[in-house]
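# Coordinate analysis (summary)
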Amino acid sequence: MILLTTACVALASNTITPDYTPRTEPAIGQWLQPPMLDYEGPSARVGVAAHHHLGIARVEFYTDGLEGDLNGDGRIDGFDLSDCLAHWDEKGRLLNTILGNWGMRAPVVAIARNETVDPSNGTRGWFADIDTSLLGTGRIELSARLIPNDGVVTTLSGDPMIEFSKPGLVMFVNAPRPIAVVPTDYPTIGEAWNAGHEHIQLLPGEHELSPIGNYGSNRPAIIEGIGKGVVINRGRSQRGLWIYRNITFRHADPSAQEEWLGNSGPRGMTIWSNCTIDGHSTAAPMVNKGTGGPVYLVDCVITNHFQFYKPRMAIRTWFDGILGDIMKSGFLNIMTDCRLTRHGWKGDHGNDVPEGTSVHSDFWQSNYTGNAAYREENIVFSYNEAWDGNGGQKVFASFGNRKGVDARISGLAFVGNALSSWAGTSSGDDSGNAVLFSLFTAGDNMLFMDNILFGQCLVGGGADPDDGIYRDPFGRDARKWRNILWSNNYRTSARREYVMPTIDGPEEFFYVSRRRSVLDFDLRFTIGRDTFPHTSPITGIHYVNETGSTFSSSRKRDYLDNDQLTP
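To keep things clear, this report deals only with the structure shown in the data block. These figures come from a predicted structure and were not determined experimentally.

This next bit is on the state of the cysteines. The full count for this structure, using the stated rule, is zero disulfides. Of the cysteine sulfurs around C300, a residue in no disulfide, the closest is that of C275, at 5.1 Å. We note that C338 lacks a disulfide partner, and the nearest cysteine sulfur, in C300, lies 9.6 Å from it.

What follows is the structure, given as structure tokens:
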């Protein structure tokens with residue numbers, strides 16, 4: 001989001017005015033459900049978050065299963081033929097299938113024509129209620145086609161059992177399975193599992209998570225708490241595909257946490273739904289440090305950890321009292337309707353801001369230093385709130401800045417967030433020495449819309465430090481930021497560094513080389529000469545408008561208790 005911040009760009013005399021071509025960009029979006037769930041009854045509600053520079057026209061949901069649909073877009077056409085020919089050794093056998101099914105499309109089972117708010121949980125998205133009689137029963141693979149008003153269609157499809165990074169939705173429709181109740185039917189989870197039950201319900205009380213494995217199954221096993229007071233407080237990690245519901249996790253031995261939470265194995269997956277994961281203390285070991293498969297959080301509370309990171313999805317989840325990073329590079333697909341409190345504070349603490357907070361604790365951190373081309377793509381970060389004087393940076397990204405290496409974020413919807421940061425401040429220094437974003441990376445197809453932002457930024461990029469022009473591997477002028485939209489954001493008036501270049505911006509900015517560069521005054525937005533919408537010749541950012549700020553101070557004490565400024 002804050003990539004925009006890259007306003008801090010140095011100019012060279014040969015800088016040219018960039019083009020803003022939103023019609024060339026694909027829609028940005030992700031599912032609002034984890035990739036594998038059970039659906040029972042006559043209808044199934046599904047939804048996606050979908051965004052585009054020019055708006056979304058509709059979202060189509062359709063079933064997979066077209067043999068020869070190699071790119072998973074729900075149709076058999078020339079793109080599949082090209083894929084077949086380009087990978088002849090492995091896909092050439094499908095040539096007759098592709099030609100025989102030419103022009104066929106997967107059946108559309110529902111269409112969402114408007115973005116709405118789901119009344120059951122308050123989440124904004126494109127939702128549809130699908131008649132399950134159209135789907136049949138058992139395992140069904142569902143895809144979504146995100147169709148912009150004018151632009152490139154994005155398809156969310158692919159079997160997550162094959163590759164989790166291809167976001168399809170696997171539905172187990174009206175396919176119930178026997179339930180075992182612990183301790184009524186079996187005294188422990190392990191004994192219920194060994195008896196063949198893959199849906200285990202736990203009655204209130206303390207339980208042990210036995211070292212059992214669900215590898216080889218194409219359906220996640222379910223461990224579900226019934227009623228209040230269901231606690232798992234000891235045990236070892238489980239491998240494979242797992243769904244946990246309505247359970248509080250709090251290991252009796254804090255040093256054992258990292259061995260059992262999220263450690264599903266490299267081909268595993270963990271979904272936590274309506275769970276509380278309490279790490280005892282910010283001094284405790286980190287959870288889920290990368291040994292397991294992807295993690296999905298829905299309606300959860302994550303509290304009292306040194307670090308908790310690597311969720312692929314976080315929806316309506318509250319992160320409280322996390323000292324270090326929460327999201328790490330290359331894993332996040334979507335975070336929406338999440339809340340962040342007491343972040344980046346040193347040691348165990350109460351509600352008072354302690355002396356000196358940890359600056360380098362990040363809401364979302366992304367680093368890349370390799371020599372190969374690198375992309376983090378199609379990310380949704382929307383409607384999240386961090387507005388309580390918490391420490392820590394909100395977004396940090398650094399992609400190496402090596403010449404000739406195309407490393408970038410491609411496709412980011414940063415929408416509707418309310419974020420503040422007083423990182424690095426203490427009760428003796430509340431002058432606003434805060435970092436909201438630190439961004440040193442290239443980016444394209446990014447939307448920054450309807451955000452409320454308080455805090456300063458350290459940003460870089462946009463130009464190569466040697467001559468002010470960023471060049472691609474072939475030596476051609478290649479801006480680090482392309483097709484970036486800034487619309488309707490309510491920003492702070494920072495003292496020196498700005499979230500975005502604005503009409504009241506200073507003549508001097510800092511950029512990644514830390515050398516001061518004088519901005520060409522003729523290239524700045526000037527009242528009386530320029531009007532909105534405006535494409536900056538400095539950064540290439542396209543401004544639809546700029547919402548004026550009434551923030552007159554950078555001191556946290558001036559705003560922390562002001563209800564009128566609370567989102």
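What follows covers the pattern of salt bridges. Counted by the stated rule, this structure contains 16 salt bridges. Ionic pairing is found between R234 and E208, a salt bridge with its closest N-O pair at 3.9 Å. Of the two residues, R234 sits in strand β16 (residues 230-235) while E208 sits in strand β13 (residues 205-209), which places them 26 residues apart along the sequence. On the accessibility criterion, R234 (35% relative accessible area) is partly exposed. Between D444 and R408 there is a salt bridge, with its nearest N and O atoms 2.9 Å apart. With D444 in strand β34 (residues 442-449) and R408 in strand β31 (residues 407-415), the pair connects residues that are 36 residues apart, well separated along the chain. Residue D444 is classed as buried on the basis of its relative accessible area, which comes to 12%. Assessed through its relative accessible area of 1%, R408 is described here as buried. Through salt bridges with shared partners, one network takes in D38, R177, E198 and R219.

Membership of the largest hydrophobic core comes to 58 residues, with the highest contact counts inside it found for L202, W272, F319 and M335. With four residues, the single largest contributor to this core is β31. Grouped together as the second largest cluster of nonpolar side chains are 49 residues, A27, L156, L241 and I334 included.

Tracing the backbone shows E385 in strand β29 (residues 385-386). When the C-alpha positions of E385 and R339 are compared, they lie 4.9 Å apart, and in sequence the two are 46 residues distant.

Here is what the cut-offs are and how they apply
Residues numbered from 1 in each chain as written. Predicted model: local features only at pLDDT ≥ 70, side-chain atom pairs only at ≥ 80, totals over all residues. Heavy atoms only, no water. Disulfide = S-S within 2.5 Å. Salt bridge = Lys/Arg side-chain N within 4 Å of Asp/Glu carboxyl O. Helix = DSSP H or I, 4+ residues; strand = E, 2+ residues; numbered from the N terminus. Buried < 20%, exposed > 50% of the residue type's maximum accessible area, 1.4 Å probe, protein only. Core = buried A, V, L, I, M, F, W, Y, C linked by side-chain atoms within 4.5 Å.

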